[in-house]
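Take a look at the letters that make up each chain.
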Amino acid sequence: MSELFGVLAAMLSSAIGGTSIAATRFVVGWTDPMTLGALRFGIGFLGLLPLALLQTEAWPARRDWPLVAGLGALFFGVFPILFNASLIFTTAARGALALSTLPLLTMVVAAALRVEPLTWRKTTGVLIAMAGVALALATGLSSAPAQAWRGDLLMMAAALCMAFYSVWSKPLIARSGPTTFTTMAMAVGAVGLIGVSAATGGLQRLADTGPAQWFAFGYVGLIGSALAFFLWSFALGRTTPTRVAVSVTVNPVSAAITGALLLGEPIGWHIIVGLAAVLLGIAVASGALHKKADASRPPQPTA
């Protein structure tokens, strides 16, 4: 039952993430990627902090602080810069499709770090999904923005950051708790991004931002960051990184629907083909993740 709750939490997090992609696409032209990241995770941290202080969860131990800081810089620092920059060039639906490589990247990273074995079935699934994504992105170039391929590559790089975060953070979350760990890690990324944005004049340029943009900033901060990443960490504390990452296939659906409603972006056949390929590849790959495989999985690293 605990693992079921973890999977459901991951799916809800991914659905929220899809709407956040569309909201980010809506405001990305009003600011730069670092300032948008500073706003997103600064607001997210302020939303999570009261909840973390009211929780009975233990905070990360002092010996874990360097690891928490490193993961915070990776996921709440580097990730949002790549994520936000990608949406300057590509659409919400294409960006979400590129982010859907996350389960495949997580499988590879987990296998490389000897956390989860990479079986022949997983390898076949990875190849199917990656080939399908490549085909979908290539066939959709005629109707995509001119520099969409740049955005697609940036989003895949962001997904790789998320894959390493998902694998490395699991033992730390187990030793403290999802709320306290996420709050501390998000604080590190937010402070770094706020400092860089202030130094480069990004925060000062927000004076001309209108109410609609501030509403979107608030949404991606409180819902798309505080709630979504709490749910992601909650899920990582209850099931394997690969099973959590598989839930990201919900992301393109919610992103495409929100993008169509909010931004008027078309949902072309190439997006449907890409999503179908990703789902097929993940279905093949995750078919190896049954209880017998779980029982034979090596122990999680302690640091």
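Please read these numbers as outputs of a predicted model, since none were measured by experiment.

Quick notes on the overall build of the chain
Next up, step 1: Helix and strand counts for the chain stand at 13 helices and zero strands.
Next up, step 2: Starting at the N terminus and walking to the C terminus, you meet the elements of the chain as α-α-α-α-α-α-α-α-α-α-α-α-α.
Next up, step 3: Taken across its 303 residues, the chain has 54% of its residues classed as buried.
Next up, step 4: For the chain, long-range pairs separated by at least 24 residues make up 90% of all intrachain contacts whose partners lie at least 6 apart in sequence.

Description of the environment of P117
Next up, step 1: Topologically, P117 is positioned in the loop between α5 (102-112) and α6 (120-139).
Next up, step 2: Owing to a relative accessible area of 40%, P117 belongs among the partly exposed residues under this scheme.
Next up, step 3: C-alpha of P117 to C-alpha of M107: the two residues are ten residues apart in sequence and 8.2 Å apart in space.

Brief notes about the nonpolar core
Next up, step 1: Within the largest apolar cluster, 53 residues are counted, with the highest numbers of intra-cluster contacts made by I21, F76, F79, F83, L102 and F229.
Next up, step 2: Broken down by element, the residue count for this core peaks at ten residues, all from helix α7 (residues 148-175).
Next up, step 3: The contact partners of F76, leaving out residues within four places of it in the chain, are F41, L71, Y165, T182, A185, M186, G189, A190, L193 and F229.
Next up, step 4: Listed in part, the seven residues of the second largest apolar core include V28, L36, L39 and L206.

Criteria and cut-off values
Residues numbered from 1 in each chain as written. Predicted model: local features only at pLDDT ≥ 70, side-chain atom pairs only at ≥ 80, totals over all residues. Heavy atoms only, no water. Helix = DSSP H or I, 4+ residues; strand = E, 2+ residues; numbered from the N terminus. Buried < 20%, exposed > 50% of the residue type's maximum accessible area, 1.4 Å probe, protein only. Contact = heavy atoms within 4.5 Å. Core = buried A, V, L, I, M, F, W, Y, C linked by side-chain atoms within 4.5 Å.

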